[in-house]
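Below, each chain spelled out in residue letters.
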Amino acid sequence: MNITEFGMPLVGTLSPNENSAALAEKITSFLNENSLDEVQEYFERMKALMSCYQCALLEVETKFKVLNEQFSLNHERNPIESIKTRMKSSESIREKLQRRNLPFSFDSLDKIYDIAGIRIICSFVDDIYMLADCLLKQDDVRLIERKDYIANPKENGYRSLHLIIEVPIFLQDAKRLMKVEVQLRTIAMEFWANLEHKLRYKKNLPGDVAMLTAEELTQCAQMSAQLDLKMQKVRDVIENA
Ligand code: 0O2
């Protein structure tokens, strides 16, 4: 069992400047405050929970792969370019709990909807909506939340369709409902979001540089939206020829 992976939401994470002595101190105080049985129970529970999220990702990934396969049979093209799955890092979970003023507890983890995340990179914008509709029509999928940043891009230009869904996973002796965040984007949206993410977290830029680059990035997002529109029109012409 990896303490840095499973223990951090409870014991707190190290900042990049802290060293292993600080980590040891945090772990020691966590161990001092809890009996060995409680510590073991906590880690077992955390491990089981993360494993359930992994299973939920497998379920949802399979659903998209099936849709892709079926669509390619009927239409001779794949609406999905690629699929990426990720488990939210313990540091990112901790940061979100803190931002929302939630204590480090299992109940709080239940309120974080993007612990398991899947990103579907699509060929065209209308594939995004078609795939989202097909997914949400399935009778074991429940929609919890939908954010359409394609129809309503964020101020910085970020576009993607976000769905929070709940899916069942079937374990040896139980059924569990798990939440998964699904992000659907085109290749152009992914390209922009990846670069913007890298640049944003790169460094603390001076105010004027930050403003200029933010404007440039927003313009790039608008250009990528135009590119998506143009590519879709080209495809429509070819398909209707
Ligand atoms: P990671 O590494 O994917 O976990 P939040 O902002 O997280 O408190 P909420 O409601 O979850 O609240 O946010 P939202 O807007 O539904 O989606 C958050 C996720 O969408 C982010 O995850 C990113 O993956 C993506 N995202 C949202 N806005 C932007 C943006 O402006 N630029 C880029 N590049 N990605 C964005 P996390 O949690 O940031 O990271």
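Residues numbered from 1 in each chain as written. Predicted model: local features only at pLDDT ≥ 70, side-chain atom pairs only at ≥ 80, totals over all residues. Heavy atoms only, no water.

Novice: Would you take a moment to explain the site of the ligand for this structure?
Specialist: Taken together, 18 residues lie near the ligand, and Arg99, Lys147, Tyr149, Lys154 and Asn156 sit nearest. Side-chain polar atom of Lys154 to a nitrogen atom of the ligand: 2.8 Å apart, as the coordinates give it. Separating a nitrogen atom of the ligand from a backbone N or O atom of Ala193 is a distance of 3.0 Å. When the ligand sits alone it has 750 Å² of accessible area, and the protein chains cover 75% of it. For the shell around the ligand, the secondary-structure elements that each account for two or more residues are helix H5 (90-99) and helix H8 (187-200). Per-element tally for the shell around the ligand: the top contributor is H8, with four residues. (Near = heavy atom within 4 Å. Polar contact = N/O pair within 3.5 Å; in protein donor to acceptor, adjacent residues only side chain to side chain. Areas by Shrake-Rupley, 256 points an atom, 1.4 Å probe, with all protein chains shown as cover. Helix = DSSP H or I, 4+ residues; strand = E, 2+ residues; numbered from the N terminus.)

Novice: Explanation requested: the environment of Cys52 in the structure shown.
Specialist: Relative to the helices and strands, Cys52 resides in helix H4 (residues 36-75). Expressed as a C-alpha distance, the spacing of Cys52 and Arg176, which sit 124 residues apart in the sequence, is 8.0 Å. Discounting chain neighbours no more than four positions away, the residues touching Cys52 are Ile169, Leu171, Arg176 and Met178. (Contact = heavy atoms within 4.5 Å.)

Novice: Please clarify how the layout of surface pockets should be interpreted in this entry.
Specialist: Space left empty within the atom packing is revealed by a probe, the size of a water molecule, rolled over the atoms. In this structure, the largest pocket occupies an estimated 990 Å³ of space. Lining the largest pocket are 31 residues, and of these Asp114, Lys154, His162, Glu181 and Gln183 lie nearest its centre. Of all the elements in the fold, those that place two or more residues in the lining of the largest pocket are H5, strand S3 (142-148), strand S4 (161-170), strand S5 (175-186) and H8. Here the residues of the lining of the largest pocket are counted per class, giving eight nonpolar, six polar and 17 charged. (1 Å grid on protein atoms, 1.4 Å probe; cavity = no way out; pocket = protein on both sides within 12 Å on 5 of 7 lines; lining within 4 Å. Points joined across faces, edges and corners; volume = space filled by probe spheres on them. Nonpolar A, V, L, I, M, F, W, Y, C, P; charged D, E, K, R; others polar.)

Novice: I keep staring at the sheet that holds strand S2 (residues 116-122) and nothing clicks. Help me out?
Specialist: Paired through their backbone hydrogen bonds, the strands of a sheet run either parallel or antiparallel. Taken together, the five strands give an open sheet; going across it, the order is S1-S2-S5-S4-S3, and neighbouring strands pair in mixed fashion. The strands lining the two open edges of the sheet, one partner per strand, are strand S1 (80-87) and S3. Within the sheet, the average angular offset between the axes of one strand and its neighbour, ignoring direction, is 25 degrees. Pairing of S4 with S5 involves ten bridges; the strand directions are antiparallel. The residue bridging Ile169 from the neighbouring strand is Arg176, located in S5. (Pairing = 2+ DSSP bridges. Axes fitted to C-alpha atoms, helices over the stretch in contact; angles between N-to-C directions.)

Novice: What is the right way to look at the packing of helix H7 (residues 125-137) against helix H9 (residues 207-240) in this model?
Specialist: Helices that pack against each other are described as a pair by the angle of their axes relative to one another and the distance between those axes. Following both chains from N to C, one finds H7 and H9 inclined at 85 degrees, their axes separated by 8 Å at the closest point. By the criterion of interaxial angle, the relationship of H7 to H9 is roughly perpendicular. Taken together, the residues of H9 that come into contact with H7 (itself represented by Val125, Asp126 and Asp127) are Asp228, Gln232 and Arg235. (Parallel < 35°, antiparallel > 145°, perpendicular 65-115°, else oblique.)

Novice: What exactly am I supposed to notice about unusual backbone geometry here?
Specialist: Leave glycine aside and you will find that most residues have negative phi; peptide bonds, for their part, are mostly trans. Of note in the backbone geometry, Asn101 takes a positive phi value of approximately 60 degrees without being a glycine. Residue position: Asn101 is located in the loop between H5 and helix H6 (106-109). Of the residues examined, Asn101 reaches a relative accessible area of 72% and is grouped as exposed. (Buried < 20%, exposed > 50% of the residue type's maximum accessible area, 1.4 Å probe, protein only.)

Novice: What's the story with the nonpolar core in this structure? I'm lost.
Specialist: As a rule of thumb, soluble globular proteins bury nonpolar side chains together. Counting residues in hydrophobic clusters, the biggest one holds 42 residues, and the most contacted among them are Phe64, Ile120, Ile165, Val180, Val182 and Leu184. Put simply, the parts of the chain that give this core at least two residues each are H4, H5, H6, S2, H7, S4 and S5. Among the elements that take part in this core, H4 stands out by supplying 13 residues, more than any other. Counting six residues, the second largest nonpolar core, distinct from the first, contains Tyr158, Trp192, Ala193 and Ala221. (Core = buried A, V, L, I, M, F, W, Y, C linked by side-chain atoms within 4.5 Å.)

Novice: Please clarify how the environment of Asp148 should be interpreted in this entry.
Specialist: Looking at the secondary structure, you find Asp148 in strand S3. For the pair Asp148 and Gln183, spaced 35 residues apart in sequence, the C-alpha to C-alpha distance is 10.0 Å. If near-sequence neighbours (up to four positions away) are discounted, Asp148 is found in contact with Tyr129, Ser160 and Leu161. For Asp148, the side chain forms a polar contact with the main-chain nitrogen of Ile150, separated by 2.9 Å.

Novice: What is the right way to read the packing of H8 against H9 from this model?
Specialist: Where H8 meets H9, the axes come as close as 9 Å, and the angle between the chain directions of the two elements is 165 degrees. Considered as vectors, H8 and H9 are oriented roughly antiparallel to each other. At the point where H8 passes H9, the crossing takes the right-handed sense. Contact with H8, carried on its side by Ala188, Met189, Trp192, Glu196 and Leu199, involves Leu217, Cys220, Ala221, Ser224 and Asp228 of H9 and no other residues of that element. A class-by-class count of the residues in the contact of H8 with H9 yields seven nonpolar, one polar and two charged. (Left-handed = near helix turned anticlockwise from the far one by under 90°.)

Everything listed here is a matter of coordinates, which is why it stays silent on function.
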